[in-house]
Amino acid sequence: MTTLVSMKHTQEAITLVKKRFEERFSTTLGLTRVEAPLFVESTLGVNDHLNGVERIIRFDALDHTADLEIVQSLAKWKRQALHTYGFEAGEGLYTLMHAIRRDEMLDATHSIHVDQWDWERIITKEQRTSAYLQETVQAIYATIRQVEQEVEAEYGISAILPETIHFMTTQELEDAYPTLSTKERETEVTKAYGAVFLMQIGGALASGEKHDGRAADYDDWTLNGDILVHHPEIGAFELSSMGIRVDREALLKQTAIAQEEDKLAFPFHQGVLEERLPLTMGGGIGQSRMAMFLLKKRHIGEVQASVWSEETRKSLQAEGIHLL
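Just so it is clear, the model here is predicted, and its values are computed rather than measured.

Caption draft 1: Spatial organisation of the overall build of the protein. Of the regular secondary structure elements, the protein holds nine helices and eleven strands. Computed over the C-alpha atoms, the radius of gyration of the protein is 20 Å, within 12% of the 20 Å expected from 2.2 N^0.38 for a compact globule of 324 residues. Across the 324 residues of the protein, 50% fall into the buried class. Counting only contacts in the protein whose residues sit at least 6 apart along the sequence, the fraction spanning at least 24 positions is 71%. By element, 50% of the accessible surface of the protein is carried by carbon and sulfur atoms, the whole surface being about 14,900 Å². The positive charge centre, built from 33 side chains, and the negative charge centre, built from 51, are 2 Å apart in the protein.

Okay, here's the thing in structure tokens:
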């Protein structure tokens, strides 16, 4: 498998990957690009609290009475924006989201700096189904494969993704590999299928454990999932997290399970409960993750300018890996 060594050529390839994917992805899903905030008011309840344990970066500002928060993702903000901007059923938006996650455990695929295409589309009540979710996943996956083949033609980097993506629930995965950790399960299943959409993330499995955490107030835990592919040197590699968002019933159920009913007083949550906000589906697709996978890089710092310890830089440089 060929990969790019020159940092200059890598920069050129990153631009190609991001440009081509954004064009194809937004056209395929019929999305309009919009501007998005880097920070939001703490009192609105639109920031993503992720697993609920990550520390949000808060700060004050002149001429502003409420504290502000650096976004962790735009999962809830996008749904509000669709309503505010007057989008209709079948229409959607996407934005280039940048966030800072100060508690991220840094490794080959995780950085403090999060950059992704964040997207959201209005759906009907009849479309809140697993079948519609899978249909959308297939459209996104086909776009990823298209760009991978363009990268192969342009730079000679082997296209390795299978023609189809395999669908599996987290419970089916636990049943298949009961003695393995969640990450080990993901590696085994992506090794077997090449590409997998792992569904139903957030709720407890038969073992009593969760496969992974999901905030209780945006994804419906029964109608969501991750697009996972197999990176030849890293193993399971997440490109996207997405899902159909909570309706009134799912929001009440999941916040009760998470013991987070206090959040229901926020304006955003009231909009869901009173059914003023539209039913939507959406997700995030990692920009640096996409470039890293399609260019077959071994570390996200090869395609993203971020901050790394001197020890990390030196150890990777000894292996011929140069971080931006």
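Caption draft 2: Just the sheet that holds strand S3 (residues 58-61), in detail. Read across the open sheet, the three strands follow the order S2-S4-S3; overall the sheet is antiparallel. Strand pairing shows two members of the sheet lacking a second neighbour, strand S2 (39-41) and S3, which therefore form its edges. The sheet shows a mean angle of 40° between the axes of neighbouring strands, taken without regard to direction. For S2 and strand S4 (residues 64-70), the ladder comprises three bridges, and the chain directions are antiparallel. Looking at the pairing, Glu41 lines up with Leu68 of S4.

Caption draft 3: Layout of the side chain of Glu186. Mapping Glu186 onto the fold places it in helix H5 (residues 182-193). Beyond its immediate sequence surroundings of up to four residues, Glu186 is in contact with Leu173, Leu198, His211, Leu228 and Ala236.

Caption draft 4: Focus on the packing of aromatic side chains. Tallied over the full model, the rule gives five aromatic pairs. The structure contains a cluster of three or more aromatic residues connected by ring pairs, namely Phe21, Phe25, Tyr94 and Trp117. Directly above the aromatic system of Phe237 lies the positively charged group of Arg289, at a separation of 5.7 Å from the ring centroid. Looking at Lys296, its charged tip hangs above the ring of Phe293, at a distance of 4.7 Å from the centre.

Caption draft 5: Summary view of helix H6 (residues 248-257). Listed as buried for H6 are Ala250, Leu251, Gln254 and Thr255. The buried side chains of H6 occupy one side of the element, clustering within an arc of 115° when seen end-on. Projecting away from the buried face of H6 at angles above 90 degrees are the exposed residues Glu249, Lys253 and Ile257. Structurally, H6 contributes buried residues whose contacts are with strand S9 (219-231) and helix H7 (267-273). Taken from the residues just after H6, Gln259 is the one with a positive phi, measuring 55°.

Caption draft 6: Examining the nonpolar core more closely. Within the largest apolar cluster, 48 residues are counted, with the highest numbers of intra-cluster contacts made by Phe25, Trp119, Phe197, Met242 and Met290. Apart from residues lying up to four places away in sequence, Met290 is in contact with Val17, Phe21, Trp117, Ile144, Leu239 and Ile285.

Caption draft 7: A look at the pairing of S4. Here S3 runs beside S4; their pairing, made up of three bridges, is antiparallel. Pairing of Ala61 across the sheet is with His64, part of S4. Where S3 folds back on S4, the antiparallel hairpin that results is connected by two residues, among which Asp63 adopts a positive phi of roughly 60°.

Caption draft 8: Quick look at the packing of helix H1 (residues 7-29) against helix H3 (residues 130-155). Across the interface, H1 lies against H3 with an axial gap of 10 Å and an inter-helix angle of 150°. Taken together, H1 and H3 sit at an angle that is classed as roughly antiparallel. The two elements H1 and H3 meet at a crossing, and its hand is right-handed. On the side of H1, the interface is formed by Glu12, Ala13, Leu16, Val17, Arg20, Phe21, Arg24, Phe25, Thr28 and Leu29, while H3 contributes Thr136, Ala139, Ile140, Thr143, Ile144, Gln146, Val147, Glu150, Val151, Glu154 and Tyr155. A breakdown of the residues in the contact of H1 with H3 according to their chemical character gives twelve nonpolar, four polar and five charged.

Caption draft 9: Up close: the environment of Glu238. Looking at the element boundaries, Glu238 is found in strand S10 (residues 235-245). With 55 residues separating them along the chain, Glu238 and Phe293 place their C-alpha atoms 9.6 Å apart.

Caption draft 10: Quick look at the sheet that holds strand S11 (residues 280-286). Taken in spatial order, the eight strands line up as S1-S5-S6-S11-S10-S9-S8-S7 in an open sheet, and their pairing is mixed. Lying at the two open borders of the sheet, with one neighbouring strand each, are strand S1 (31-33) and strand S7 (166-169). When the angles between neighbouring strand axes are averaged without regard to direction, this sheet yields 25°. In the sheet, S10 pairs with S11 via five bridges, with the strands oriented antiparallel. Bridge pairing links Met242 to Gly283 in S11. Strands strand S5 (92-100), strand S6 (113-122), S9, S10 and S11 of the sheet are contacted by helix H8 (residues 287-294), whose axis makes an angle of about 145° with S10.

What counts, and at which threshold
- Residues numbered from 1 in each chain as written.
- Predicted model: local features only at pLDDT ≥ 70, side-chain atom pairs only at ≥ 80, totals over all residues.
- Heavy atoms only, no water.
- Helix = DSSP H or I, 4+ residues; strand = E, 2+ residues; numbered from the N terminus.
- Rg over C-alpha atoms; globule rule 2.2 N^0.38 Å.
- Buried < 20%, exposed > 50% of the residue type's maximum accessible area, 1.4 Å probe, protein only.
- Contact = heavy atoms within 4.5 Å.
- Areas by Shrake-Rupley, 256 points an atom, 1.4 Å probe, with all protein chains shown as cover.
- Lys, Arg positive; Asp, Glu negative; His and termini not counted.
- Charge placed at Lys NZ, Arg CZ, Asp CG, Glu CD.
- Pairing = 2+ DSSP bridges.
- Axes fitted to C-alpha atoms, helices over the stretch in contact; angles between N-to-C directions.
- Phe/Tyr/Trp six-rings, centres within 6.5 Å; stacked < 30°, edge-to-face > 60°.
- Lys NZ or Arg CZ within 6 Å of the ring centre and 35° of its normal.
- Arc of directions from axis to C-beta.
- Core = buried A, V, L, I, M, F, W, Y, C linked by side-chain atoms within 4.5 Å.
- Parallel < 35°, antiparallel > 145°, perpendicular 65-115°, else oblique.
- Left-handed = near helix turned anticlockwise from the far one by under 90°.
- Nonpolar A, V, L, I, M, F, W, Y, C, P; charged D, E, K, R; others polar.

None of the figures reported here should be taken as evidence of function without further support.
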